[in-house]
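Residues per chain are reported as follows:
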Amino acid sequence: MLDDVPRIFEAVFQCTLEMITKNFEDYPEHRLKFFSLLRAIGTHCFKALIQLSSQQLKLVIDSINWAFRHTERNIAETGLSLLLEILKNFQASEFTNQFYKTYFLTIEQEIFAVLTDSFHKPGFKLHVLVLQHLFCVVDGLTEPLWDASTVSYPSNAMFVRDYTIKLLGASFPNMTAAEVTKFVDGLLGSRHDLPSFKNHIRDFLVQSKEFSAQDNKDLYAEEAAVQREKERQRMLAIPGLIAPSELQDEMVDS
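Now for a description of the structure that goes with this document. Just so you know, these numbers come straight off a predicted model, no measurement behind them.

**Examining the overall build of the protein chain**
(1) Moving on: What the protein chain contains, in helices and strands, is 12 helices and 0 strands.
(2) Moving on: Scanning the protein chain from its N terminus toward the C terminus, one meets helices and strands in the order α-α-α-α-α-α-α-α-α-α-α-α.
(3) Moving on: Each of the 254 residues in the protein chain was classed as buried or not, and the buried ones make up 41%.
(4) Moving on: Long-range pairs, those at least 24 residues apart, make up 63% of the contacts in the protein chain with a sequence separation of at least 6.
(5) Moving on: Of the roughly 14,200 Å² that the protein chain leaves accessible, carbon and sulfur atoms contribute 54%.

In C-alpha cells, the structure reads:
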C-alpha cells in the first residue's frame, strides 16, 4: 500500500477535512472513519507518512490534534491512540530529531489543553501516556528543542521544564509559581515510573479549581476497571456465586 497512500491522501484528505473541521457535529460517520483511516496508515504504513511532504505531515498532525480535541469519546480516543503510535514510530526512526523539534511543543501544548479541560476527562489514561512519552523522549534527542539563535539551555529536559512551567503558569493563574514549579519538577522526576507519574498528574488536577468541585470518577476509571475485574475473578472462583445465565450474558456482550 505504500505507493497508494499518497493517492489516497490526494483523493480524500483535504476534502474530508473541509467537511469535518467546521464544527464537532456534522458528518459523524465520516469523522470516525477518517481518523480510523489515519490510524491504519500510521500503524501499518508508517513509511508512507515519512514520505509525505512537510506540509502534508503537518496536516496529518493537525488532524490528529483536531481528533483528540473532539468531545465524542470514540473520536478523541482514536486520535490519542494514533498520536501515541506515531510518536513511538518517529522515536524509532532516523527522523526522530527532526520530527520532535518541529512538533514537540505543539503536541505538549495541545495535550495539556485537553488534560486540564474537564470535558475531556474520559481521555485521562491516554493523555498521561502521551505526556509520559514526551517527557521521556527528550533524554534521547541529540538536537536542541529550543531556538539556539535566541536562548541556550544545558539540556532538552531543562528547556522542557522551563517551557512547561510557563505554559501551566499561564493556564492556571490561580496557582502560585511555586506550586506550578513543584508540579513540573514532580513530572520530570517521576517520568520513568508510570503509576507515580499518573498519580502526580491526577492529584494536581483534583486540587485545581477546574476539577475540585466536580465528579472526577473518570480520572480513576482505569483503577476502577481493574478492581471490578479482580472482584469478578474472586466471585468466579466460588462455585455458584455467579449464575450460569449471567456468564452467558457476558459471553454474548463480548
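So that's the structure; there's more coming.
**A closer look at the pattern of salt bridges**
(1) Moving on: Counted by the stated rule, this structure contains 8 salt bridges.
(2) Moving on: Across the pair Arg 7 and Asp 4 runs a salt bridge whose closest N-O atoms are separated by 2.9 Å.

**A few points about helix α4 (residues 54-68)**
(1) Moving on: Spanning 15 residues, α4 covers 21 Å between terminal C-alpha atoms, matching the ideal 21 Å at 1.5 Å per step.
(2) Moving on: Leu 57, Val 60, Ile 61, Ser 63, Ile 64, Asn 65, Trp 66, Ala 67 and Phe 68 are the residues of α4 that are buried.
(3) Moving on: Lining the buried residues of α4 we find α1 (5-20), α2 (28-44), α3 (46-50), α5 (73-91) and α6 (96-115).

**Details of the nonpolar core**
(1) Moving on: Among the nonpolar cores identified, the biggest contains 68 residues, and Phe 9, Phe 99, Tyr 100, Ile 107, Phe 112, Phe 135 and Ile 201 are the most heavily contacted of them.
(2) Moving on: No other element matches α6, which puts 9 residues into this core.
(3) Moving on: Lining this core are residues from two domains, each supplying at least three of them: domain 1 (1-93) and domain 2 (118-225).
(4) Moving on: Residues in contact with Phe 135, not counting those within four places in the same chain, are Glu 108, Phe 112, Val 160, Thr 164, Leu 187, Leu 188, Arg 191 and Phe 197.

**With respect to the packing of aromatic side chains**
(1) Moving on: Considering all chains together, one arrives at 14 aromatic pairs under this definition.
(2) Moving on: Between the aromatic rings of Phe 99 and Tyr 100, the centroid separation amounts to 5.2 Å while the plane-to-plane angle is 85 degrees, which identifies the pairing as edge-to-face.
(3) Moving on: Residue classification places Phe 99 among the buried residues on the basis of a relative accessible area of 3%.
(4) Moving on: A relative accessible area of 1% means that Tyr 100 is categorised as buried.
(5) Moving on: Put simply, the rings of Phe 46, Phe 90, Phe 99, Tyr 100 and Tyr 103 touch in pairs and so form one group of aromatic residues.

**Some words on the side chain of Thr 96**
(1) Moving on: Here Thr 96 shows up in helix α6.
(2) Moving on: For Thr 96, the residues in contact, after removing those within four places along its chain, are Phe 90, Gln 91 and Leu 141.

**Re the packing of α6 against helix α8 (residues 156-171)**
In a pair of packed helices, the angle between the axes and the distance between the axes together describe the arrangement.
(1) Moving on: Where α6 meets α8, the axes come as close as 11 Å, and the angle between the chain directions of the two elements is 40 degrees. The angle between α6 and α8 falls in the class oblique. α8 is crossed by α6, and the crossing has right-handed handedness. From α6, Phe 104, Leu 105, Glu 108, Gln 109 and Phe 112 reach across to α8, where they touch Phe 159, Val 160, Tyr 163, Thr 164, Leu 167 and Leu 168.
(2) Moving on: Along the lines of polarity and charge, the residues of the contact of α6 with α8 split into 8 nonpolar, 2 polar and 1 charged.

**Let's talk about the environment of Leu 188**
(1) Moving on: On the secondary structure map, Leu 188 appears in helix α9 (residues 177-189).
(2) Moving on: On the accessibility criterion, Leu 188 (12% relative accessible area) is buried.
(3) Moving on: On a C-alpha basis, the gap between Leu 188 and Val 160 in space is 9.2 Å, while along the polypeptide they are 28 residues apart.
(4) Moving on: Beyond its immediate sequence surroundings of up to four residues, Leu 188 is in contact with Phe 135, Ala 157 and Arg 161.

**Concerning helix α10 (residues 194-207)**
(1) Moving on: The end-to-end C-alpha distance of α10 is 20 Å, a good match for the 20 Å that 14 residues give at a rise of 1.5 Å each.
(2) Moving on: Within α10 the residues assigned to the buried category are Phe 197, Lys 198, Ile 201, Arg 202, Phe 204 and Leu 205. Projected down its long axis, α10 shows its buried positions confined to an angular sector of 160 degrees, all on one face.

Analysis parameters
- Along each chain, residues carry numbers from 1 onward, in the same order as the chain's sequence is written.
- pLDDT decides what is reported in this predicted model: residues at 70 or higher carry local features, side-chain atom pairs at 80 or more are listed and counted, and totals for whole chains, interfaces and linings draw on all residues regardless.
- Working from all heavy atoms in the structure, the side-chain values ignore hydrogens and water.
- Under the scheme used here, helices are H or I runs from DSSP no shorter than 4 residues and strands are E runs no shorter than 2 residues, and both carry numbers assigned from the N terminus.
- Working definition: with a 1.4 Å probe on protein chains only, accessible area under 20% of the residue-type maximum means buried, over 50% means exposed, and in between means partly exposed.
- Pairs of residues are marked as contacts when any of their non-hydrogen atoms sit within 4.5 Å.
- Residue burial considers only the protein chains on display, and all accessible areas are found by Shrake-Rupley using a 1.4 Å probe.
- Salt bridge criterion: a side-chain nitrogen from Lys or Arg within 4 Å of a carboxyl oxygen from Asp or Glu.
- For a helix, the expected span equals 1.5 Å multiplied by the number of residues minus one.
- Grouping buried Ala, Val, Leu, Ile, Met, Phe, Trp, Tyr and Cys residues that are joined through side-chain atoms within 4.5 Å yields what is termed a nonpolar core.
- The start and end points of each domain follow an automatic or database-based domain assignment.
- Stacked, edge-to-face and tilted labels apply to pairs of Phe, Tyr and Trp rings (six-membered ring for Trp) whose centres lie within 6.5 Å, assigned for plane angles under 30 degrees, over 60, and everything in between, in that order.
- To get an axis, a line is fitted to the C-alpha atoms, and for a helix only the part in contact is used. The angle between two axes follows their N-to-C directions and goes from 0 to 180 degrees.
- For classification purposes, an angle smaller than 35 degrees is called roughly parallel, one larger than 145 roughly antiparallel, one from 65 to 115 roughly perpendicular, and anything else oblique.
- What makes a crossing left-handed is the near helix being turned counterclockwise from the far one by less than a right angle; a clockwise turn instead makes it right-handed.
- Think of it as three bins: nonpolar holds Ala, Val, Leu, Ile, Met, Phe, Trp, Tyr, Cys and Pro, charged holds Asp, Glu, Lys and Arg, and polar takes everything else, Gly as well.
- Note that the arc is defined by the directions from the helix axis to the C-beta atoms.

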